[in-house]
Amino acid sequence: QVQLVESGGGLVQAGGSLRLSCAASGRTFSTYAMGWFRQAPEKEREFVAGIGWSPSLTYYADSVKGRFTISRDNAKNTLSLQMNSLKAEDTAVYYCAAALGRITPPKGPRDYANWGQGTQVTVSS
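Residues numbered from 1 in each chain as written. Predicted model: local features only at pLDDT ≥ 70, side-chain atom pairs only at ≥ 80, totals over all residues. Heavy atoms only, no water.

A look at the overall build of the protein chain
Here comes step 1: On a plain count of helices and strands, the protein chain comes out with 0 helices and 11 strands.
Here comes step 2: Element order for the protein chain, N to C, with α for helix and β for strand: β-β-β-β-β-β-β-β-β-β-β.
Here comes step 3: A compact globule built from 125 residues would reach a C-alpha radius of gyration of about 14 Å, and the protein chain, at 13 Å, matches this within 12%.
Here comes step 4: Projected onto its principal axes, the C-alpha coordinates of the protein chain cover approximately 40 × 30 × 25 Å.
Here comes step 5: Expressed as a percentage of its 125 residues, the buried residues of the protein chain come to 42%. (Helix = DSSP H or I, 4+ residues; strand = E, 2+ residues; numbered from the N terminus. Rg over C-alpha atoms; globule rule 2.2 N^0.38 Å. Buried < 20%, exposed > 50% of the residue type's maximum accessible area, 1.4 Å probe, protein only.)

So, in structure tokens, the structure goes:
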């Protein structure tokens, strides 16, 4: 089990940037594939970005490719999401999630057993 706590959300104007962080507890963080998901009101939770055991294994939803960057620091048990060129449609609650024993990050939320509480990101147009 790993416990996750997100931070860094807030209100930003369109075109601006935010950096989300996810602090993980436990000594086995490096053995989890990690993902960022988001959920807007009355919409399903959707995959945003994922990273494998190796920090070089990264995947992005088409809607954020080229604007968002996911990274992890296994020594500090942290996951980050740098979000640039934000758009109003990026407004959502953002969640970090952990998939134990997965080398590459799955894209379905059901494949993740551990979730943070979420952090609100609001982009004003």
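Description of the side chain of Arg-38
Here comes step 1: By the secondary structure assignment, Arg-38 is in strand E4 (residues 32-39).
Here comes step 2: Arg-38 sits in the buried class, given a relative accessible area of 6%.
Here comes step 3: A polar side-chain atom of Arg-38 sits 2.6 Å from a polar atom in the side chain of Glu-46.
Here comes step 4: Here Tyr-94 takes part through its side chain, which lies 3.0 Å from a polar atom of the side chain of Arg-38.
Here comes step 5: Arg-38 has contacts with Glu-44, Arg-45, Glu-46, Val-48, Ser-63, Val-64, Phe-68, Glu-89, Asp-90, Ala-92, Val-93 and Tyr-94, leaving out every residue within four places of it along the chain. (Polar contact = N/O pair within 3.5 Å; in protein donor to acceptor, adjacent residues only side chain to side chain. Contact = heavy atoms within 4.5 Å.)

Any link to function would need more than the numbers given here.
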